[in-house]
Amino acid sequence: MMIDDLFANDDSIIRQWQEPLAKDAVVLRGFAYDEAPTLLQHIATIAETAPFRHFIIPNGHTMSIGMTNCGTFGWTSNAQGYRYTEVDPLSGQAWPQIPAIFLQLAQRAADHAGFPHFVPNACLINRYHPGARLSLHQDKDEMDFSQPIVSVSLGLPATFLFGGLQRTQPCQRVTLTHGDIAVWGGDARLCYHGVLPLKDGIAPLPLQDNVRYNLTFRRVSRL
Ligand code: MD6
Ligand code: FE
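Cut-offs used in this document
Residues numbered from 1 in each chain as written. Chains lettered and ligands numbered in written order. Predicted model: local features only at pLDDT ≥ 70, side-chain atom pairs only at ≥ 80, totals over all residues. Heavy atoms only, no water. Near = heavy atom within 4 Å. Polar contact = N/O pair within 3.5 Å; in protein donor to acceptor, adjacent residues only side chain to side chain. Areas by Shrake-Rupley, 256 points an atom, 1.4 Å probe, with all protein chains shown as cover. Helix = DSSP H or I, 4+ residues; strand = E, 2+ residues; numbered from the N terminus. UniProt positions renumbered as here; feature names shortened; annotations may be inferred. 1 Å grid on protein atoms, 1.4 Å probe; cavity = no way out; pocket = protein on both sides within 12 Å on 5 of 7 lines; lining within 4 Å. Buried < 20%, exposed > 50% of the residue type's maximum accessible area, 1.4 Å probe, protein only. Contact = heavy atoms within 4.5 Å. Pairing = 2+ DSSP bridges. Axes fitted to C-alpha atoms, helices over the stretch in contact; angles between N-to-C directions.

A. Structural context of the site of ligand 1. In the vicinity of ligand 1 lie 14 residues, with Y128, D139, S151, W184 and H193 positioned nearest. At a separation of 2.7 Å, an oxygen atom of ligand 1 approaches a polar side-chain atom of S151. For ligand 1, an oxygen atom lies 2.8 Å from a polar atom in the side chain of R212. In the complex, 98% of the free accessible area of ligand 1, which totals 340 Å², lies under the protein chains. Counting residues per element, the ones that place at least two in the shell around ligand 1 are β6 (122-128), β7 (134-137), β8 (149-155), β12 (193-195) and β13 (212-218). For the shell around ligand 1, the element with the most residues is β13, which contributes 3 residues.

Encoded structure:
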């Protein structure tokens, strides 16, 4: 068989690869690339109902990242603390539903990374402009740590910091670009991570703007 025939109907074979970060943590390069324009359209629609906002965090600072959510549960913060809510505090209404294409992509990515049967019920949407950053943290407000987190990067590249189970452990630096999906679960589920200040640039079409979006899919337990 000719090499052309081997690749004839699926050039994802040559545009997608995996980079393990640690046990149970992997970056799926290019995994969301084809769906990216559709994902961005859905983000714009969600933001019409649940606009991006800059939460206050318990230390009194305002986050540099704009945030919104879709799903049964949405991550929120105020001066009192962090929590998942079933209602958008801005509108008093339920968060918009997770679009079917989001769910399918998150499930496929989790499956690919070795976490089958992932059914997220929360999707946090982060928006970064140049200078916006996310300090080192653990994702532990979900209560259920048996499920992984699936994180989709869109728009400008960012430097992701991936550390260990203790804040003081050294961090790897990983560049996450448009279409990459990071999946963390199992022994890596509570690893510290963060994002360095976003550098200026012009994101790929259809954005053509100095912006990065990140979708993180989670399973939040009702407790
Ligand atoms: C971001 N991501 O990439 C922020 N959390 O914009 C996260 O905080 C994150 O990418 C848990 C797992 C993967 C992530
Ligand atoms: Fe996080």
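B. Seen up close, the UniProt feature "binding site: Fe cation" (unreviewed entry) in the protein. When the UniProt feature table is mapped to this numbering, "binding site: Fe cation" (unreviewed entry) covers H137, D139 and H193. Despite a sequence span of 57 residues, these residues sit close together in the fold, their greatest C-alpha distance being 8.7 Å. Residues from the named set that contribute to the lining of the largest pocket are H137, D139 and H193. By the element assignment, D139 lies in the loop between β7 and β8. Taking relative accessible area as the criterion, D139 reaches 8% and is therefore assigned buried. Discounting residues that sit within four places of it in the chain, D139 has contacts with F145, I149, R189, L190, H193 and R218. Only 3.1 Å separates the side chain of D139 from the side chain of H193, close enough to count as a polar contact. Inspection of the secondary structure puts H193 in strand β12. For H193, a relative accessible area of 10% corresponds to the buried category.

C. The sheet that holds strand β9 (residues 158-162), seen in detail. Taken in spatial order, the 4 strands line up as β7-β12-β9-β10 in an open sheet, and their pairing is antiparallel. Because the sheet does not close on itself, it has two edges, and the strands there are β7 and β10 (172-176). Sheet twist, expressed as the mean angle between neighbouring strand axes with direction ignored, is 20 degrees. Of the strand pairs in this sheet, β9 and β12 are connected by 3 bridges, and their pairing is antiparallel. Looking across to β12, one finds that F160 is bridged to V195.

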